[in-house]
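# Structural overview
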Amino acid sequence: MSAKVILDPGHGGHDQGASGNGLKEKDVVLKIAKYTNEILENNYEEVETRLTRKSDYFVDLLQRSEFANEWGADYFVSFHINAFDGSAQGFESYIYNGLPEDSKAEKFQNALHEEILKEAKYFYDRGLKEANFSVLRETNMPAILTENGFIDSEKDAKHLKSNEDLRNVALGHAKGIAEIAGLNLKDSNEKKKSEVVAGTFSNYENAQNKGEILSDQGVDNYVRKSGNYFEVVAGTFENNENAKDMVITLKNFGIDSYVKQ
Ligand SMILES: [Zn+2]
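Residues numbered from 1 in each chain as written. Predicted model: local features only at pLDDT ≥ 70, side-chain atom pairs only at ≥ 80, totals over all residues. Heavy atoms only, no water.

As recorded by an unreviewed UniProt entry, the protein carries the name N-acetylmuramoyl-L-alanine amidase and is attributed to Halobacillus litoralis.

Another aspect to go through is the sheet that holds strand β10 (residues 222-226). Taken in spatial order, the 4 strands of this open sheet run β10-β11-β9-β12, and their pairing is antiparallel. Edge positions in the sheet fall to β10 and β12 (258-260), since each of these pairs with one other strand and no more. Pairwise comparison of adjacent strand axes, ignoring direction, gives a mean angle of 45° for this sheet. Two strands pair when backbone bridges link them, and strand β9 (residues 194-201) and strand β11 (residues 229-237) are joined in this way by 5 bridges, in the antiparallel orientation. Bridging from a neighbouring strand, Thr 200 pairs with Glu 231 of β11. In the packing of helix α7 (residues 204-216) onto the sheet, contacts are made with β9, β10 and β11, and the angle to β11 comes to roughly 30°. Of the strands in this sheet, β9, β11 and β12 are in contact with helix α8 (residues 240-252), which crosses β9 at around 35°. (Pairing = 2+ DSSP bridges. Helix = DSSP H or I, 4+ residues; strand = E, 2+ residues; numbered from the N terminus. Axes fitted to C-alpha atoms, helices over the stretch in contact; angles between N-to-C directions. Contact = heavy atoms within 4.5 Å.)

This paragraph deals with the nonpolar core. Soluble globular proteins tend to bury their nonpolar side chains together. Residues Ile 32, Val 77, Phe 123, Leu 160, Ile 177 and Leu 183 are the most contacted members of the largest nonpolar core, which totals 39 residues. Among the secondary structure elements, those contributing two or more residues to this core are β1 (3-9), α1 (25-43), β4 (47-51), β5 (75-82), α3 (104-119), α5 (154-160) and α6 (163-181). In this structure, Val 196, Ala 198, Ala 207 and Leu 214 belong to the second largest nonpolar core, which totals 15 residues. (Core = buried A, V, L, I, M, F, W, Y, C linked by side-chain atoms within 4.5 Å. Buried < 20%, exposed > 50% of the residue type's maximum accessible area, 1.4 Å probe, protein only.)

Looking at the metal site, the zinc ion is ligated by His 11 (NE2), Glu 25 (OE) and His 80 (ND1), spaced 2.0 to 2.1 Å from it. Written as a sequence motif, the donor residues of the zinc ion are H-x13-E-x54-H. Within this pair, whereas Glu 25 is found in helix α1, its partner His 80 is found in strand β5, the two being separated by 55 residues in sequence. Assigned by exposure class, Glu 25 and His 80 land together as buried. (Donors = N, O, S within 2.8 Å, 3.2 Å for Na, K, Ca; no water.)

The next subject is the sheet that holds strand β8 (residues 143-150). Strands sit in the order β4-β1-β5-β8-β6-β7 across an open sheet of 6 strands; the sheet is mixed. What marks the edges here is a single partner per strand, and that holds for β4 and β7 (125-131). Pairwise comparison of adjacent strand axes, ignoring direction, gives a mean angle of 20° for this sheet. Both strand β6 (residues 91-96) and β7 contribute to a ladder of 6 bridges, which runs parallel. Paired with Glu 92 across the two strands is Gly 127, which belongs to β7. The strands touched by α1 within the sheet are β1, β4, β5 and β8, with β5 carrying the most contacts at an inclination of about 145°. Its contacts with the sheet put α6 on β1, β5 and β8, and the angle it makes with β5 is roughly 155°.

A separate point is the domain arrangement of the protein. Each domain of the protein was delimited in the assignment, giving domain 1 (3-181) and domain 2 (194-260). For domain 1 and domain 2, the distance between their C-alpha centroids amounts to 56 Å. (Domains from an automatic or database assignment.)

Moving on: the pattern of salt bridges. Taken as a whole, this structure holds 15 salt bridges when the rule is applied. Among the ionic pairs, Glu 231 bridges to Lys 260, the shortest N-O distance being 2.8 Å. Of the two residues, Glu 231 is situated in strand β11 and Lys 260 in strand β12; the sequence distance between them amounts to 29 residues. Judged by relative accessible area, which is 28%, Lys 260 ranks as partly exposed. (Salt bridge = Lys/Arg side-chain N within 4 Å of Asp/Glu carboxyl O.)

Within the secondary structure, Asp 152 sits in the loop between β8 and α5. Of the buried charged residues, Asp 152 lacks a salt bridge, with Arg 126 as the closest side chain of opposite charge at 9.3 Å. For Asp 152, the side chain forms a polar contact with the main-chain nitrogen of Gly 86, separated by 3.1 Å. When near neighbours in sequence (up to four residues on either side) are disregarded, Asp 152 contacts Ser 19, Gly 20, Asn 21, Ala 83, Phe 84, Asp 85 and Gly 86. (Lys, Arg positive; Asp, Glu negative; His and termini not counted. Polar contact = N/O pair within 3.5 Å; in protein donor to acceptor, adjacent residues only side chain to side chain.)

Following this line, the structure appears as structure tokens:
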């Protein structure tokens, strides 16, 4: 499956959002959104992302939802940090309060909320909530707003100051998006193939002759050019052990070969 995802770091510019413990909400949410973007792009196939702002400038609330609607996004995630009076702490998520039961947004919220708390274990779970927020109301696609801890809580701020902890928050967002959008993980460790080379020759005919000897033994092979030389390739294997077995088999035929990766 493919998906177009809007990542919306709240506030920006003259609107710094909440503040406390030497932190500004606008800076912290930009970091989390950028990390989320990075993780989605690096780890998943067929995902397109757009950020509503990429640095510290002001973006109007309606501009954010219009941007998402015009692009035809499939999902919208707004990043925020809470504040109260220093005594409250934890994570909560919001969807629009005017939606019918079992909406797509509700499923999106369930997935995201769970994944975020799984990755950011240091957050107290304040629960799944609904509200009449502009970006949730005005967007045409499943939309969620996350309040990632309380900036004026000493306990939460400690984590909001740690890039590693913010990465965990971002990872939770990315995993939740991937789950609900059905994104496939990229094959990160591209399989290295092992080839068995049974001789390298400067002369093409000599290489072919070697190939014929192999064929006589029932070993499939081909000759290919490699730099200034010709190599006789006697098999390509996904598994290095199988390649080594082939080297032993050839040895029994009196043919020297080696594994090339
Ligand atoms: Zn905010």
